[in-house]
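Summary of the model geometry
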Amino acid sequence: ILAAKAAKICVAYDGMDRFFSMDKILFTGNPVRKDILDNKIHQQEALKTLGLDQNKKTLLIFGGSLGARTINEAVLANADAISKRVDINIIWQVGKIYYDSIKDCSLSSCSHVKILPFIDNMDVAYSASNLVVCRAGALTISELAVLGKAAILIPSPNVAEDHQTFNAKSLVDKNAAIMIS
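Since the structure is predicted, the reported quantities are computational estimates derived from the model, not experimental observations. The numbers attached to residues start from 1 for each chain and follow its sequence in the written order. Where totals are concerned, whole chains, interfaces and linings use all residues; where local detail is concerned, this predicted model gives features only for residues with pLDDT of at least 70, and gives and counts side-chain atom pairs only at 80 or more. Working from all heavy atoms in the structure, the side-chain values ignore hydrogens and water.

Okay, unusual backbone geometry next. Although it is not a glycine, Glu 161 sits at a positive phi angle of roughly 55°. If you trace the backbone, Glu 161 turns up in the loop between β7 (150-153) and α8 (163-172). Within the chain, Asn 175 stands out as a residue other than glycine whose phi angle is a positive 55°. Note on conventions: DSSP H or I runs of at least 4 residues are helices, E runs of at least 2 residues are strands, and numbering of each starts at the N terminus. Counting through the fold element by element, Asn 175 comes out in the loop between α8 and β8 (178-179). Think of it in three bands: residues with accessible area under 20% of the maximum for their type are buried, residues over 50% are exposed, and the middle band is partly exposed, with areas taken using a 1.4 Å probe on protein chains only. Residue class for Asn 175 comes out exposed when judged on its relative accessible area of 74%.

For the rest of this paragraph, the subject is the layout of surface pockets. A 1.4 Å probe that fits into a set of points on a 1 Å grid over the protein atoms alone but cannot get out defines a cavity; an open set with protein on both sides within 12 Å along at least five of seven lines defines a pocket, and lining residues are those with an atom within 4 Å of a point. Grid points are joined across faces, edges and corners, and a volume is the space filled by probe spheres set on the points. As a volume, the largest pocket reaches approximately 390 Å³. Lining the largest pocket are 14 residues; nearest its centre among them are Tyr 13, Met 16, Arg 18, Phe 166 and Asn 167. One number sums up the size of the second largest pocket: a volume of about 330 Å³. If you trace the second largest pocket, you find 19 residues lining it, with Arg 33, Phe 62, Ser 65, Thr 140 and Glu 143 closest to the centre. Broken down by secondary-structure element, the contributors of at least two residues to the lining of the second largest pocket are α6 (122-128) and α7 (138-147). Considering only residue class, the lining of the second largest pocket consists of nine nonpolar, seven polar and three charged. Under the scheme applied here, ten amino acids are nonpolar (Ala, Val, Leu, Ile, Met, Phe, Trp, Tyr, Cys and Pro), four are charged (Asp, Glu, Lys and Arg), and all others, including Gly, are polar.

A separate point is the sheet that holds strand β5 (residues 113-116). Strand order in the open sheet formed by six strands is β5-β4-β3-β6-β7-β8, and the pairing between neighbours is parallel. Edge positions in the open sheet fall to β5 and β8, since each of these has one partner strand only. Should DSSP find at least two bridges between two strands, the strands are taken to pair.

See below:
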């Protein structure tokens, strides 16, 4: 309704010309936290901060700030295989509501797996990681793009109009990520 009266429309993704006139579109992207944007933490420093082996590749798994039940279930279903993959580090943010039920799982005794309820310092977690497996929230997509992180995106099926799938496709269509429905 307001688009007809707007002089400019700031957008974060390509393809918005299907909704708005091209001459009004201004591609600005999403705002990204300053600590992510100005990330100056080297991987070795980040791994040391997290108490992980500095000589291993690192996988970061998270389902957004609340965690993601299905991602957590997938990790737990593969706990035996993960426990044997001592050649990599895993940072697994399970979400505060899932933490109590997961914190004592078989992976908690693995020195190469760090289970967290929440990550306060995402800049450190991103710096430590070589690959990210996560949901496809708009801000997460922007953070991954700014940092140039390799990612496997698992869009939440429980969001309005399946917008996380569209978010994920913004990277997938540019060969910058893989998506698993």
